[in-house]
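The chain contents come next:
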Amino acid sequence: MPPFNLETCARPNILALQPYRCARDDYKDDGTNVLLDANENAYGPSLDPAAVEHARSSLGGLDPLGLHRYPDPHQPELKQLLCRLRNTHAHTPKAIGPENLFVGVGSDEAIDALLRCFCVPGKDRILTCPPTYGMYAVSAQVNDVDLVKVPLTPAPEFALDVPAVTAALSSEPGIKLAYFCSPGNPTGSLLAKEHVVQVLNHPTWNGVVILDEAYIDFAPRDSSLAELVAEYPNLVVMQTLSKAFGMAGIRLGAAFTSPPIARMLNSMKAPYNIASPTSALAQSALGDRGLAVMRANRAKIVAQRERLIQELPKIEGVGRQRGGTASNFLLYEILNTLGKPDNSTAVAVYEKLAEHKGVVVRFRGKEHDCLGCLRITVGTEDEVTKFLDSLRNALIEVRGVSGK
């Protein structure tokens, strides 16, 4: 096992932190108690009666008359459902439980909380592998933490450069965290399990690997490494309900990790960071019926993803696909009239699509090794049809040549 030591890796003030406690941590409400401990409004929420009836039928079984009470700060039922989803035993015979979990406001809360747990501002650093999700750098800057960048291998593989990563962890001082995105954003490439494990087993580095699996449910079956936190005390796997579950509006993310790291994250979070409606809707999505809906919708997205892979190369001005197909988006080059990937042409097409065609994609040409690239989210069948037609016309207008 690697030389990971939580006592010397984490910030001492966080290790010593005593979490906020309320009376209901000691005396659970059984539904019959008179609750005079939390300065709540005992007369209930200020809702129109019609809104109350509507909420009863639309908030995942939540009783809207209970909104005047603070939510459960520990979310055990929600955490158990998340563990049920990820205990596949594809990677380990061990099981993970609620003690392995932190739930927060999207994955972004976990990204920031981990920085505050481990990195001393102005001293420690994190490692990232561009092209990658931009919030790692944003959160690092907010927390006065510098970056060490080790690019992924060249497109289209966009794999971890394990020798370069391990060399950086050996030679660069003060790296506490390594943030890896799998499937990558904007690459769509799934990182190889053996590469992640090699980094986890670094012989001298005392730090934490953070694997961001926001898009993991679009990858092949059993791709998630969440249950490996039962094997590696220096692993955190972040996930979200925003993507495959279609629940971006509730802002629910999870971080699977070892119980000691989970305890630190839970100790430093806001007392009631997950709202009752968020928890109820998340539990509905993770129940048997919700999972069936997710899987049906995922199948539709995968079908449209395959359609885009087939149709985009037929359009004059569309270049190579870059990266992988393990997500709900694709990364493609946009070519100039000389047949070369080109940022000016890609920006012009991006703006033409949005401003004149009503189709919004994402320009990613300034990311490492993504010259001239647009990132295209896979939509519904009708949305993909509109996008393909709009892209053909936009390319003709921007490049001044006729399509195939």
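These figures come from a predicted structure and were not determined experimentally.

**Student:** Hey, could you go over the overall build of the protein for me, with residue numbers and the actual values?
**Tutor:** Secondary structure assignment for the protein yields 14 helices and 11 strands. Here the protein has a C-alpha radius of gyration of 23 Å; the compact-globule value for 404 residues is 22 Å, and the two agree. Dimensions of the protein, computed from the C-alpha atoms along their principal axes, are close to 75 × 60 × 40 Å. In the protein, buried positions account for 52% of the 404 residues. Contacts spanning at least 24 positions in sequence make up 71% of the contacts within the protein whose residues lie at least 6 apart. Surface exposure of the protein reaches about 18600 Å², of which carbon and sulfur atoms provide 52%. Of the charged side chains in the protein, 41 are positive and 44 negative, and the gap between their average positions amounts to 3 Å.

**Student:** Help me get a handle on the packing of aromatic side chains, residues and values and all.
**Tutor:** Under the definition given, this model contains four aromatic pairs. Judged by centre distance (5.5 Å) and plane angle (85°), the ring pair of tyrosine 133 and tyrosine 136 falls under edge-to-face. For arginine 375, the ring lying beneath its charged end belongs to phenylalanine 329, and the centroid distance is 5.6 Å.

**Student:** So what's going on with the pairing of strand E8 (residues 318-322)? Residues and values would help.
**Tutor:** Along any regular strand, the residues point their side chains to alternate faces of the sheet. Direction of pairing for E8 relative to strand E9 (residues 329-334): antiparallel, over a ladder of three bridges. When the sheet's bridge partners are listed, valine 318 is paired in E9 with isoleucine 334. Counted along the chain from E8 to the antiparallel partner E9, the turn is six residues long, and its residue glycine 323 has a positive phi close to 85°.

**Student:** How would you sum up the packing of helix H6 (residues 106-118) against helix H7 (residues 135-142)? Please name residues and give values.
**Tutor:** Direction vectors running N to C along H6 and H7 enclose 45°, while the axes themselves pass 10 Å from each other. As judged from the angle between their axes, H6 and H7 are oblique. For the pair H6 and H7, the crossing hand works out as right-handed. On H7, the residues touching Asp108, Ile111, Asp112 and Leu115 of H6 are Met135, Tyr136, Ser139 and Ala140.

**Student:** Provide a residue-level description of the sheet that holds strand E10 (residues 362-363), including the pertinent values.
**Tutor:** An order of E8-E9-E11-E10 is seen for the four strands of this open sheet, with the pairing classed as antiparallel. This sheet does not close on itself; its edge strands, each paired only once, are E8 and E10. The sheet contact formed by E10 and strand E11 (residues 373-377) spans two bridges and is antiparallel. The residue of E11 that forms the bridge with phenylalanine 363 is leucine 374. Here helix H12 (residues 288-311) sits on the sheet and contacts E8 and E9; the angle it forms with E9, its principal contact strand, is near 15°.

**Student:** Talk me through the environment of phenylalanine 102; I want residue IDs and the actual numbers.
**Tutor:** For phenylalanine 102, the location among the structural elements is in strand E1 (residues 101-104). It is 9.9 Å that separates the C-alpha atoms of phenylalanine 102 and serine 267, two residues lying 165 residues apart in sequence. Those residues in contact with phenylalanine 102, other than ones at most four positions away along the chain, are Glu109, Ala110, Gly253, Ala254, Ala255, Leu265, Asn266, Lys269 and Asn273.

**Student:** Quick one: what's the story with the domain arrangement of the protein, residue by residue and with numbers?
**Tutor:** Along its sequence, the protein is organised into domain 1 (7-46 + 291-399) and domain 2 (49-55 + 64-287). Of note, the centres of domain 1 and domain 2, computed from C-alpha atoms alone, are 16 Å apart. Counting residues at the interface gives 42 residues for domain 1, matched by 50 residues for domain 2. Across the domain 1 to domain 2 interface the summed buried area is about 3700 Å²; carbon plus sulfur atoms make up 62%. When the area that domain 1 buries against domain 2 is broken down by residue, the three leading residues are Cys9, Arg11 and Leu291, summing to 18%.

**Student:** Account for the sheet that holds strand E4 (residues 175-181), naming residues and giving values.
**Tutor:** Across the sheet, which stays open at both edges, the seven strands sit in the order E1-E7-E6-E5-E4-E2-E3 with mixed pairing between neighbours. Strands with a single pairing partner mark the edges of an open sheet, and in this sheet they are E1 and strand E3 (146-149). Going across the sheet, the axis of each strand differs from the next one's by a mean of 25°, ignoring polarity. Where E4 lies against strand E5 (residues 208-212), five bridges are found, and the strand directions are parallel. Paired with tyrosine 179 across the two strands is isoleucine 210, which belongs to E5. Sheet strands in contact with helix H5 (residues 76-86) are E1, strand E6 (235-240) and strand E7 (253-257), and its direction is about 115° off that of E1.

**Student:** Give me the environment of aspartate 37: which residues, what numbers.
**Tutor:** Examined against the element boundaries, aspartate 37 turns out to sit in the loop between helix H3 (23-26) and helix H4 (49-58). Residue classification places aspartate 37 among the partly exposed positions, given a relative accessible area of 34%. Sequence-wise, aspartate 37 and cysteine 22 are 15 residues apart; in three dimensions their C-alpha atoms are separated by 8.2 Å. Residues within four places of aspartate 37 in sequence aside, it is in contact with Ala23 and Arg24.

Thresholds applied
In every chain, residue numbers begin from 1 and rise along the written sequence. Local features in a predicted model are, by the rule used here, given only for residues with pLDDT of at least 70; side-chain atom pairs are given and counted only at 80 or more, and totals for whole chains, interfaces and linings are based on all residues. Heavy atoms throughout the structure, all of them, feed into the side-chain values; hydrogens and water do not. Each helix corresponds to a stretch of at least 4 residues labelled H or I by DSSP, and each strand to a stretch of at least 2 residues labelled E; elements are numbered beginning at the N terminus. The reference for a compact globule is 2.2 Å times residues^0.38; the radius of gyration itself is calculated from the C-alpha atoms. Only protein chains enter the area calculation, which uses a 1.4 Å probe; residues under 20% of their type maximum are buried, those over 50% are exposed, and those in between are partly exposed. We call two residues in contact when some of their heavy atoms are within 4.5 Å. Computed with a 1.4 Å probe, the accessible areas rest on the Shrake-Rupley method; for each residue, only the protein chains presented here act as cover. For the purpose of counting charges, residues Lys and Arg are taken to be positive, whereas Asp and Glu are taken to be negative. His and the chain ends are not included. For the purpose of locating charges, the reference atoms are NZ of Lys, CZ of Arg, CG of Asp and CD of Glu. By convention, a stacked pair of Phe, Tyr or Trp rings (six-membered ring in the case of Trp) has centres within 6.5 Å and planes under 30 degrees apart, an edge-to-face pair has planes over 60 apart, and any other such pair is tilted. The criterion is that NZ of a Lys, or CZ of an Arg, lies within 6 Å of the ring centre and within 35 degrees of the ring normal, and then a charge sits over that ring. The criterion for strand pairing is that DSSP finds at least two bridges linking the strands in question. Note on method: axes are straight lines fitted to C-alpha atoms, helices fitted across the in-contact stretch only, with angles between N-to-C directions ranging 0 to 180 degrees. An angle counts as roughly parallel when it lies under 35 degrees, as roughly antiparallel when it exceeds 145, as roughly perpendicular when it falls between 65 and 115, and as oblique in every other case. Definitions for this section: a left-handed crossing has its near helix turned counterclockwise from the far helix by less than a right angle. A right-handed crossing has that turn clockwise. Segmentation into domains, and thus their bounds, comes from an automatic or database assignment. Summed over both partners, the accessible surface that disappears when two parts come together, traced with a 1.4 Å probe, is what is meant by buried area.

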